[in-house]
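As a plain string of letters, each chain reads:
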Amino acid sequence: MKLPKITTRLGSDKNLLTALEVFVAIAETRQITQAARLMGMTQSAASQQLASLEAACDARLIDRTVRPVRLTQAGELCLRHAQRILNSVEDLATSMRHEGPQPINVLRMGMLASIATTLTPPLVRLLKSEIAVEDLTLHAGQSGDHETLLRTKRADLVITSNPFYDMDGLERHDVLTENFLLVLPQTYDGPSRRLQDILTHLPLVRFAATTSVGRRTEQHLRRLKLTAPRVIQADRSSMVTACVAEGLGFTILTPSLLIDGFVERMPLVVRPLPGPGFSRSIKVVARSGDLGTLPERIATLATRELAAQIDQQMGQVGREAVTLAGED
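In this report, the structure presented in the accompanying data block is examined. Sequence order as written defines residue numbering, which begins from 1 separately in each chain. Reporting of local features is limited, given that this is a predicted model, to residues whose pLDDT is at least 70; pairs of side-chain atoms are given and counted only at 80 or more, and all residues count toward the totals for whole chains, interfaces and linings. By convention in this description, side-chain values take in all heavy atoms of the structure and omit both hydrogens and water.

## Focus on the overall build of the protein
For clarity, the threshold we go by: We count a stretch as a helix when DSSP gives it H or I for four or more residues in a row; a strand needs E for two or more, and each element gets its number in order from the N terminus. The rule is simple: take the accessible area with a 1.4 Å probe, protein chains only, and divide by the maximum for that residue type; under 20% is buried, over 50% is exposed, in between is partly exposed. We call two residues in contact whenever any of their non-hydrogen atoms come within 4.5 Å of each other. We treat Lys and Arg as the positive residues and Asp and Glu as the negative residues; His and chain ends play no part in the count. A single reference atom marks each charge: NZ on Lys, CZ on Arg, CG on Asp, CD on Glu.
The number of helices and strands found in the protein is twelve helices and 13 strands. Expressed as a percentage of its 328 residues, the buried residues of the protein come to 49%. Within the protein, contacts between residues separated by at least 24 positions form 74% of all contacts whose residues are at least 6 apart in sequence. For the protein, the distance from the average site of its 38 positive side-chain charges to the average site of its 35 negative ones is 7 Å.

Spelled out as structure tokens, the structure:
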């Protein structure tokens, strides 16, 4: 491979960096389709980036004859160089963002859509008044969106339900752990001691199977050997709770996923989940060492604000379903 000529063959430094990012994503996922999703582009575009890089390197980098794809010997060499180049570029970008009269001038943050309304005002106050961040970008979405933001380095920090233990170079700070709860419409007067009894009267309104919450719910139902037809699926908690409030079904959600519904005064009844339970954790995840003590400060703020809202909106049933960071 004649690395010095790569930039010329690809046309620009920007094209080179994009092609290297796509190649690294393919190397990590071993799937061009998955890599394209992480990069926010089509499979065709990702394949074109890979082909351009191979042409520029004058070498085949990926063996496409096997599934999952694997790196060739040249690909292994290119991966080591690509990782060093991209890490150096990101280190430079981080250093430049943190230069100036304040330690952090620019911050890009992702957070779960279900807690974005609760956390955005206090976070903005903290980051603007105490940290003096000049350029703040906030993204609301699912944990799958956060993976894309972190892998493509379009976010410095995320508040998420996925710890991303498969990704190196990250620091993690606990916010809370919360149990899933049974959520019924106020108009429901049928049996509620067992999920199978409820399912004979109401359909389960659930998160889509493509979301982390949807997969966790599906796994729990399989453990209980219960079959719940996928009659109503959504990818936002407010959509799920709105259906339940209208008597269209029941659901299984955590306290933080219920905050917006209670703030909007939806007629919901929340109870501990009958039978075995399951839970999820919310954490602040950031690239190690980039932001000093800020990730820990944001985790502390998130814990305080979410605990206060859960207590205010759901009372005892909400409090008992949550274990805050630092609690035994």
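What follows picks up the thread again.
## Brief notes about the pairing of strand S4 (residues 135-141)
Keep this limit in mind: DSSP calls a pair of strands paired once it identifies at least 2 bridges connecting them. Crossover handedness is defined here as right-handed if the route from the first strand over the helix to the second strand goes clockwise, with the strands pointing away from the viewer.
As paired elements, strand S3 (residues 106-112) and S4 share seven bridges and run parallel to each other. Counterpart to leucine 112 in the pairing with S4 is glycine 141. Handedness of the β-α-β unit built from S3, helix H6 (residues 113-130) and S4 comes out right-handed.

## A short note on unusual backbone geometry
Negative phi is the rule for most residues except glycine; trans is the rule for most peptide bonds. In this chain, arginine 67 is followed by proline 68 through a cis amide linkage whose omega measures 0°. Summarising the element assignment, proline 68 is placed in the loop between strand S1 (62-63) and strand S2 (70-71). Of note, the phi angle at alanine 132 is positive, near 60°, even though the residue is not glycine. The phi dihedral of arginine 265 falls on the positive side, at around 60°, and the residue is not glycine. Structurally, the position occupied by arginine 265 is in the loop between helix H11 (255-263) and strand S11 (268-272).

## Observations concerning the pattern of salt bridges
Note the following rule: Salt bridges, as used here, are contacts in which a Lys or Arg side-chain nitrogen is within 4 Å of a carboxyl oxygen on Asp or Glu.
According to the stated counting rule, one finds 16 salt bridges in the structure shown. In this structure, arginine 64 and glutamate 54 form a salt bridge, with 2.9 Å as the shortest nitrogen-oxygen distance. In this pair, arginine 64 is assigned in the loop between S1 and S2 and glutamate 54 in helix H4 (residues 43-57), connecting sequence segments ten residues apart. We note a salt bridge from glutamate 130 to arginine 297, for which the minimum N-O separation is 2.8 Å. One end of the pair, glutamate 130, is in helix H6; the other, arginine 297, is in helix H12 (residues 294-320), with 167 residues separating them in the sequence. Through salt bridges with shared partners, a single ionic network connects Glu28, Glu147, Arg151 and Asp166.

## Focus: the pairing of strand S12 (residues 279-287)
Along S12, seven of the nine residues are buried, which leaves the element largely enclosed by surrounding structure. In this structure, strand S5 (residues 157-160) lies alongside S12, joined through four bridges in antiparallel fashion. Bridged to leucine 157 within S12 is alanine 286. Where strand S6 (residues 170-179) meets S12, nine bridges bridge the pair, whose relative direction is antiparallel. From the neighbouring strand, histidine 173 faces S12, where its bridge partner is valine 284.

Geometry only, nothing functional implied.
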